[in-house]
Amino acid sequence: MKRNIVKVGMLMLLVMALLLSSLAITGLDQDAQAATKKLKQLKFKASTVYLAPGGSYQLKPVFVPSNATYRTIDEWGIVQSTLIGNTDDAISIDSNGLLKAKADAQVGARIRVYAKSGTKYAYAWVTVKVSKVSSITLKRKSYKTSLKYADRIGETKKLDMAYGMKLIPYYAANQEILWESTKPDVASVDQNGMVTMLNEGTTYIYARATDESNKYARCKVTVTAYRAKSITVKNGGLITLDANQVIGDAIGATVSPDTATYPAVTYTTRDTNVCTVDSDGKITAGAKGVTYIDMTTDNGRIKKSFKVQVRTANAPSFSMSAVGDIVMGDDPRRTSNFYKWLKKHTADGNSIFKEAKPFFDNTDITIANLESPLTSRSMQKKGLGFRGKKSNATLIKDGGITHVNIANNHIRDCGGGGYSDTKSALRSSGVTYNGFNYSEKKIVEINGIRVGLIGFQTGSYGATSASIKRDIGKMKSKDGCEVVIASIHFCEVPMYTYKVRSKQKSEARAAISAGADVVLGTHPTYTSGIEYYKGKYINYCQGTFVSAGKTAVGSRKTYIMQQRFVVHEGFVEAQGFTIIPFWNSPDKKENQVFPTYLTNQADIDAVVAQVRKYSP
């Protein structure tokens with residue numbers, strides 16, 4: 001009994017295995033059928049084709065459906081029973097379906113061609129026919145482009161005008177096209193329809209039929225230029241040369257952008273007696289004087305001038321030392337170190353300016369900004385103020401300072417009377433001074449040179465770019481000053497700042513533009529930068545040289561600026577300056593009121609680095 005049950009079980013398992021195998025095979029067949037798509041129809045895109053004698057045409061088969069599994073042409077051929085006037089094989093078809101008619105094919109010759117794919121066929125009638133061109137169309141009716149300089153020089157800006165061109169009918173007997181440009185200097189075209197852009201302008205490119213049809217198509221081509229925007233030059237647009245000096249790379253004219261179509265620069269000089277210039281910008285100085293070299297680019301659209309100064313032999317000159325604020329007193333309402341340390345320095349046989357005086361004495365004039373009234377009158381200023389003794393004017397004189405600017409916000413801390421006392425004390429000690437604006441200017445003669453010194457206090461106190469320009473202009477035109485030294489106390493700038501503000505720049509530059517030969521800036525307290533502008537220097541702030549108002553030290557960095565001014569025929573040469581670094585106190589924490597000459601290189605570098613960092 002058990003054996004029978006086992007046999008029946010085994011038999012059932014065998015039957016189930018056979019059924020599963022059958023189902024798997026059936027599934028595979030169904031998948032294979034689903035993956036294979038039969039080709040239902042084969043036809044040509046064009047079932048009627050015309051060929052001109054010597055013409056050709058590529059037959060294009062169409063498979064239906066387009067995703068049929070088998071899409072290969074097995075055979076191309078001619079249905080021989082359809083030959084009409086083609087006994088000399090005037091029309092042929094190759095293995096890729098390319099039809100060709102011989103050049104001497106008889107007009108009217110006709111055949112039927114076929115293509116075979118599997119069991120499907122496609123048929124087309126091919127007839128030799130003669131026809132003129134009925135129309136020509138170009139892909140573009142107009143084309144506009146900009147031409148970079150590199151394109152114009154290298155002739156690399158091209159356009160294939162033949163691309164997309166249509167000639168109707170396609171079987172026209174004469175399909176040769178003549179290509180022409182009405183202005184080949186703007187854009188030329190070769191006989192393959194390749195257009196090359198050459199210059200700014202407008203032209204028409206013609207594609208003309210060469211048979212008797214007189215058909216043509218044209219495209220308007222407009223070539224525009226990449227316009228130059230500016231010419232930049234070296235040396236701030238100015239150079240000073242010795243008589244007969246020749247220099248080849250002084251101007252350094254650079255046209256922007258560098259893609260400008262016409263970047264060539266032309267040079268002309270206004271006065272050939274002062275200098276000449278060649279086509280490459282090389283300058284040859286004449287005898288003496290001032291002139292300008294005018295430059296143009298972009299066919300005269302962009303202009304720039306470059307100033308040339310030629311030195312006069314043995315011209316008179318003078319040298320200047322300048323420092324920033326000197327506070328020669330204290331605020332009697334507050335604790336101060338000034339008189340404590342003044343007494344100590346005097347007891348030691350030292351002057352406050354002991355270490356600076358040797359440098360001062362090496363120049364013809366030394367200028368400081370005196371920011372404390374010298375008077376015994378009571379303080380009238382609320383908040384921090386300064387007041388020094390009248391006798392302190394002698395400390396200034398003995399320290400080697402010969403001139404002070406008193407156009408600042410602290411000079412009237414003791415009122416109008418204190419201001420008058422200050423001027424009296426300075427006169428008595430032999431220190432010259434200038435006060436506020438043109439009305440309190442000072443004119444001195446140094447080495448036979450008429451030098452004007454003028455001071456301004458900006459901000460809410462009145463002096464503006466316009467008034468600065470006006471007053472300095474009068475010193476040059478009315479007073480005949482050959483050199484003007486302008487001191488500007490920038491009161492619109494917050495105290496204890498380094499960065500040069502835009503308002504400072506506009507005011508200082510206004511002074512230079514009006515004729516000032518140097519600008520000495522004060523008020524921000526901390527050492528700031530120096531700007532070279534129109535051949536002159538603007539010193540925005542040298543820091544406080546004598547700081548007596550507080551017991552603590554803020555920023556100690558300060559320096560002496562030295563410069564020479566040479567008066568040539570027609571211009572003043574403000575020569576390069578020298579910085580002599582100082583601390584305004586030898587101690588880092590306590591203000592000891594003693595400007596200290598720096599000898600440690602790291603300290604010197606720190607002062608110079610700060611000037612460079614904040615220079616515009």
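See the structure above.
Each value, and the rule that gives it
Residues numbered from 1 in each chain as written. Predicted model: local features only at pLDDT ≥ 70, side-chain atom pairs only at ≥ 80, totals over all residues. Heavy atoms only, no water. Helix = DSSP H or I, 4+ residues; strand = E, 2+ residues; numbered from the N terminus. Rg over C-alpha atoms; globule rule 2.2 N^0.38 Å. Buried < 20%, exposed > 50% of the residue type's maximum accessible area, 1.4 Å probe, protein only. Contact = heavy atoms within 4.5 Å. Areas by Shrake-Rupley, 256 points an atom, 1.4 Å probe, with all protein chains shown as cover. Lys, Arg positive; Asp, Glu negative; His and termini not counted. Charge placed at Lys NZ, Arg CZ, Asp CG, Glu CD. Core = buried A, V, L, I, M, F, W, Y, C linked by side-chain atoms within 4.5 Å. Expected span 1.5 Å × (residues − 1). Salt bridge = Lys/Arg side-chain N within 4 Å of Asp/Glu carboxyl O. Arc of directions from axis to C-beta. Pairing = 2+ DSSP bridges. Axes fitted to C-alpha atoms, helices over the stretch in contact; angles between N-to-C directions. Phe/Tyr/Trp six-rings, centres within 6.5 Å; stacked < 30°, edge-to-face > 60°. Lys NZ or Arg CZ within 6 Å of the ring centre and 35° of its normal.

A. Expanded view of the overall build of the chain. Helices and strands together make up the secondary structure of the chain, namely nine helices and 42 strands. In terms of overall dimensions, the chain is more spread out than a globule: its C-alpha atoms have a radius of gyration of 47 Å, far above the 25 Å expected for 616 residues. Dimensions of the chain along its principal axes, counting C-alpha atoms only, are 135 × 105 × 40 Å. Split into buried and exposed, the 616 residues of the chain put 46% on the buried side. In the chain, the proportion of contacts linking residues at least 24 apart, taken out of those at least 6 apart, comes to 67%. Per element, the accessible surface of the chain, about 30300 Å² overall, is 50% carbon and sulfur. For the chain, the separation between the mean place of its 83 positive charges and that of its 52 negative charges on side chains is 9 Å.

B. Focus on the nonpolar core. Formed by 36 residues in total, the largest nonpolar core has its most connected members in Ile326, Leu370, Val404, Leu426 and Phe545. Of all elements in the fold, only β28 (317-326), α3 (338-347), α4 (357-360), β29 (365-370), α5 (392-398), α6 (415-429), β38 (544-546) and β41 (578-583) reach the threshold of two or more residues within this core. Ignoring anything within four residues of it in the chain, the contact list for Val404 reads Ala368, Leu370, Ile396, Leu426, Val431, Thr432, Tyr433 and Asn434. Leu453, Val483, Val607 and Val611 belong to the second largest nonpolar core, which has 27 residues in total.

C. Molecular detail of α6. Between its first and last C-alpha atoms α6 spans 22 Å; for 15 residues at 1.5 Å apiece the expected length is 21 Å, and the two agree. Among the residues of α6, Gly415, Gly418, Tyr419, Asp421, Thr422, Lys423, Ala425, Leu426 and Ser429 are the ones counted as buried. Residues of α6 that are buried make contact with β29, α5, β30 (403-405) and β31 (432-434). Two residues or fewer past α6, Gly430 is found with a positive phi of approximately 90°.

D. A look at the pattern of salt bridges. All told, the structure shown has 20 salt bridges when counted by the stated rule. The salt bridge partner of Arg227 is Asp298, with a shortest N-O separation of 2.8 Å. With Arg227 in the loop between β18 (216-225) and β19 (230-232) and Asp298 in the loop between β26 (289-297) and β27 (302-310), this pair connects stretches of sequence that are 71 residues apart. Owing to a relative accessible area of 0%, Asp298 belongs among the buried residues under this scheme. Of the charged contacts in the structure, one is a salt bridge between Lys357 and Asp361, with a shortest N-O distance of 2.7 Å. Looking at Lys357, the relative accessible area reads 30%, which means it is partly exposed. For Asp361, a relative accessible area of 44% puts it in the partly exposed group. Sharing partners across several salt bridges, the network here consists of Glu200, Arg227, Asp298 and Arg301.

E. Structural context of helix α7 (residues 465-477). Along its 13 residues, α7 runs 18 Å from first to last C-alpha, staying within 8% of the 18 Å computed at 1.5 Å per residue. The set of residues buried in α7 consists of Ser467, Ile468, Asp471, Ile472 and Met475. Relative to the axis of α7, the buried residues are bounded by an arc of 125° and lie together on one face. With respect to the buried face of α7, the exposed residues turned more than 90 degrees away are Ala466 and Ser477.

F. Representation of the sheet that holds strand β5 (residues 75-78) within the structure. With mixed pairing, four strands are arranged side by side in an open sheet as β2-β9-β8-β5. Unpaired on one side and paired on the other, β2 (48-51) and β5 mark the two borders of the sheet. Geometrically, the sheet is characterised by an average inter-axis angle of 25° between neighbouring strands, direction not taken into account. Examined bridge by bridge, strand β8 (residues 110-117) and strand β9 (residues 120-128) share eight bridges and lie antiparallel to one another.

G. Representation of unusual backbone geometry. In this structure, the amide linkage connecting Val64 to the following residue, Pro65, adopts the cis form with an omega of -5°. Mapped onto the elements of the fold, Pro65 is located in the loop between β4 (61-64) and β5. A cis geometry characterises the amide bond from Ile168 onward to Pro169, with omega recorded as -5°. With respect to the helices and strands, Pro169 occurs in the loop between β13 (166-168) and β14 (177-181). Phi at His523 is positive, roughly 105°, even though this residue is not glycine. With respect to the helices and strands, His523 occurs in the loop between β35 (518-522) and β36 (530-533).

H. Region of the structure containing the side chain of Gln457. Within the secondary structure, Gln457 is located in strand β33 (residues 449-457). On the basis of relative accessibility, which here comes to 3%, the residue Gln457 falls in the buried class. With residues up to four places along the chain from it excluded, the contact list for Gln457 reads Ala407, Asn408, Asn409, Phe436, Gly462, Ala463, His489 and Cys491.

I. Structural view of the packing of aromatic side chains. Per the stated rule, a full pass over the model turns up 21 aromatic pairs. Judged by centre distance (5.0 Å) and plane angle (55°), the ring pair of Tyr532 and Tyr537 falls under tilted. Residue classification places Tyr537 among the buried positions, given a relative accessible area of 16%. One aromatic cluster is present, built from ring pairs that chain together Phe353, Phe359, Phe360, Phe545, Phe582 and Tyr597. The ring of Tyr204 carries Arg218 above its face, with NZ or CZ at 4.2 Å from the centroid.

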